[in-house]
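Chain by chain, the residues run as shown.
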Amino acid sequence: MQSVGVVIPMYNRRDLICRCLDSVKAQTWRQLEVVVVDNNSTDDSVAVVRDWCERHQVTADTPDFRIKLLSESKPGAAAARNKGLEAITSEHILFFDSDDEMLPDLVESAMREIGDRDVVCWDVEVVGLDGKVSHKPCRRGDVIRRQFINAIFSTQRYMARTDFIRCIGGWRDECMVWNDFELGTRIALSGCRFTRLHRTLVRIYAQAESITGTSFTRRAGEWEKTLAIIEQTISTGDWKDRVKALRLLYYRRVILAAHYKREGSAELSRRLLTEALEGRHLSGIDRFWLRCLHAYTAGGGRAAYILWR
């Protein structure tokens with residue numbers, strides 16, 4: 001049986017990491033190679049992981065469930081994930097967050113489906129801060145559009161060949177937010193061999209203290225930096241669907257601007273909307289329509305993507 005690598009970055013998750021590790025340990029697939037990467041935790045998360053390993057009697061040399069605890073001093077989940085990516089020896093890899101939970105047959109289902117493909121993704125459910133559960137499917141249709149609109153390659157939603165992730169450059173550790181969206185965009189643009197599992201295999205728990213948090217304004221500037229990096233990647237790479245991707249990127253800027261306005265940051269919203277409307281490949285009608293979508297979303301409207309092609 002082939003080994004599968006699981007990379008889990010960790011920052012101040014002493015009360016949540018054991019639930020995550022329990023769900024990994026419960027996987028029906030063996031062999032598993034788990035790499036937990038601590039990213040400058042200031043609580044006793046590291047001690048909690050060590051205690052968990054002792055209680056479950058697992059080490060880096062355990063035959064069917066190998067686990068390593070590493071550290072990465074450079075801040076950011078992307079840097080921690082790259083550290084784990086370097087350490088993984090398995091042919092396949094999946095990245096996971098320390099506050100979420102795998103269903104027991106996640107890895108087995110993914111391995112049975114992936115075959116000779118580069119990537120397999122699946123459905124997830126999200127437990128909100130209010131306890132409400134929503135279903136997020138790995139939607140059918142154009143992969144690039146699905147990535148820009150639905151983020152089908154977000155962190156907990158796919159498994160890939162390890163060499164494929166390395167070949168497309170791994171994680172961009174200068175992206176402090178939306179780093180999974182940036183990597184997912186390169187996955188979508190790559191023309192990879194791709195398949196879907198239409199089953200819910202991961203439970204994601206929203207956290208007030210997280211990279212995304214509950215406010216876009218709180219990390220204003222960082223979202224824009226990641227979008228600028230994505231635009232540079234699209235503009236300079238030899239991608240078949242460059243124009244489509246750029247148009248969808250402009251849409252993402254407009255929607256972020258709308259969120260700023262909803263949060264009371266009118267000046268941030270105005271500047272970003274102006275930047276989005278200066279994008280190449282936009283006609284006068286496009287710019288008018290994007291203004292409409294901005295106003296609609298800022299006013300509380302949802303699913304504006306249906307109206308943008």
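Residues numbered from 1 in each chain as written. Predicted model: local features only at pLDDT ≥ 70, side-chain atom pairs only at ≥ 80, totals over all residues. Heavy atoms only, no water.

> Would you explain the overall build of the protein in this entry?
Looking only at helices and strands, the protein has 11 helices and nine strands in total. Taken over C-alpha atoms, the radius of gyration comes to 20 Å for the protein, in line with the 19 Å a tight globule of 309 residues would show. The C-alpha extent of the protein, read off along each of the three principal axes, is 65 × 40 × 35 Å. Split into buried and exposed, the 309 residues of the protein put 54% on the buried side. Across the protein, contacts joining residues at least 24 apart in sequence account for 75% of those joining residues at least 6 apart. Charge-centre separation for the protein: the mean point of 47 positive side chains lies 6 Å from the mean point of 42 negative side chains. (Helix = DSSP H or I, 4+ residues; strand = E, 2+ residues; numbered from the N terminus. Rg over C-alpha atoms; globule rule 2.2 N^0.38 Å. Buried < 20%, exposed > 50% of the residue type's maximum accessible area, 1.4 Å probe, protein only. Contact = heavy atoms within 4.5 Å. Lys, Arg positive; Asp, Glu negative; His and termini not counted. Charge placed at Lys NZ, Arg CZ, Asp CG, Glu CD.)

> Help me understand the nonpolar core, please; the structure alone is not making it clear to me.
What tends to happen in soluble globular proteins is that the nonpolar side chains get buried as a cluster. Core analysis: the biggest nonpolar cluster contains 57 residues, and Val119, Phe148, Tyr158, Ile165 and Ile187 have the highest contact counts within it. Counting 37 residues, the second largest nonpolar core, distinct from the first, contains Val36, Trp52, Cys53 and Leu197. (Core = buried A, V, L, I, M, F, W, Y, C linked by side-chain atoms within 4.5 Å.)

> Which parts of the structure should I look at to understand the packing of aromatic side chains?
Remark: the centre distance and the inter-plane angle together describe each pair of aromatic rings, the angle taken between the planes. Using the criterion set out here, one finds nine aromatic pairs in the structure. A network of ring pairs unites the aromatic residues Phe148, Trp178, Phe181, Phe216 and Trp223 as a single cluster. We note Arg19 situated over the ring of Tyr205; from NZ or CZ to the ring centre the distance is 3.7 Å. Positioned over the ring face of Phe181 is Arg252, at 4.2 Å from the centre of the ring. (Phe/Tyr/Trp six-rings, centres within 6.5 Å; stacked < 30°, edge-to-face > 60°. Lys NZ or Arg CZ within 6 Å of the ring centre and 35° of its normal.)

> Where do I start with the pattern of salt bridges in this structure?
Should their charged atoms come close, side chains of opposite charge can pair. Taken as a whole, this structure holds 24 salt bridges when the rule is applied. When the shortest N-O distance is used, the salt bridge between Glu108 and Arg112 registers 2.8 Å. With Glu108 and Arg112 both in helix H4 (residues 106–114), this residue pair falls four residues apart, about one helical turn. For Arg253, the salt bridge goes to Glu231, with nearest N and O atoms at 2.7 Å. Taken together, the positions of Arg253 in helix H9 (residues 242–262) and Glu231 in helix H8 (residues 222–236) put the pair 22 residues apart, joining distant regions of the chain. Classification of Arg253 by relative accessible area gives buried; the value is 2%. Three or more residues are tied together by salt bridges with common partners; here these are Arg14, Asp15 and Asp44. (Salt bridge = Lys/Arg side-chain N within 4 Å of Asp/Glu carboxyl O.)

> Hey, could you run me through the environment of Asp142 in this one?
On the secondary structure map, Asp142 appears in the loop between strand E7 (133–136) and helix H5 (143–150). Residue Asp142 is classed as partly exposed on the basis of its relative accessible area of 33%. Polar side-chain contacts of Asp142 include one of 3.2 Å to the backbone nitrogen of Ile144. (Polar contact = N/O pair within 3.5 Å; in protein donor to acceptor, adjacent residues only side chain to side chain.)

> I keep staring at unusual backbone geometry and nothing clicks. Help me out?
Note: most peptide bonds trans; most residues except glycine with negative phi. Positive phi outside glycine occurs at Asn12, with the angle close to 50°. Along the polypeptide, Asn12 turns up in the loop between strand E1 (4–10) and helix H1 (17–25). Look at Asn12 and you get partly exposed, because its relative accessible area is 23%. A positive phi angle, near 70°, is found at Asn40, a position not held by glycine. Structurally, the position occupied by Asn40 is in the loop between strand E2 (32–38) and helix H2 (45–56). The exposure class assigned to Asn40 is partly exposed, which follows from its relative accessible area of 34%.

> Teacher, can you tell me more about the packing of helix H10 (residues 266–277) against helix H11 (residues 284–298) here?
The relative placement of two packed helices comes down to the angle between their axes together with the axis-to-axis distance. H11 packs onto H10 with a crossing angle of 150° between their chain directions and a minimal axis gap of 10 Å. Classified by the interaxial angle, the pair formed by H10 and H11 is roughly antiparallel. The crossing of H10 and H11 is right-handed. On the side of H10, the interface is formed by Ser269, Leu273 and Leu277, while H11 contributes Arg287, Leu290, Arg291 and His294. Of the residues that constitute the contact of H10 with H11, the class distribution is three nonpolar, two polar and two charged. (Axes fitted to C-alpha atoms, helices over the stretch in contact; angles between N-to-C directions. Parallel < 35°, antiparallel > 145°, perpendicular 65-115°, else oblique. Left-handed = near helix turned anticlockwise from the far one by under 90°. Nonpolar A, V, L, I, M, F, W, Y, C, P; charged D, E, K, R; others polar.)

> What exactly am I supposed to notice about H9 here?
An α-helix turns once every 3.6 residues. As a result, residues three or four positions apart point the same way. When the terminal C-alpha atoms of H9 are compared, their 30 Å separation across 21 residues agrees well with the 30 Å that a helix rising 1.5 Å per residue should span. Positive phi appears at Gly264, one or two residues downstream of H9, with a value of about 90°. (Expected span 1.5 Å × (residues − 1).)

> I keep staring at a positive patch on the surface and nothing clicks. Help me out?
Residues Lys136, Arg139, Arg262 and Arg302 make up a contiguous surface patch of positive charge. Along the chain, Lys136 turns up in strand E7. (Patch = residues over 30% accessible without salt bridge, like charges linked within 9 Å, V, L, I, M, F, W, Y side chains within 5 Å. Areas by Shrake-Rupley, 256 points an atom, 1.4 Å probe, with all protein chains shown as cover.)

> Which parts of the structure should I look at to understand a nonpolar patch on the surface?
Among the surface-exposed residues, Phe288, Trp289, Ile306 and Leu307 lie close enough to one another that they form a single nonpolar patch of about 410 Å² accessible area. Tracing the backbone shows Leu307 in the segment after H11. Owing to a relative accessible area of 45%, Leu307 belongs among the partly exposed residues under this scheme.

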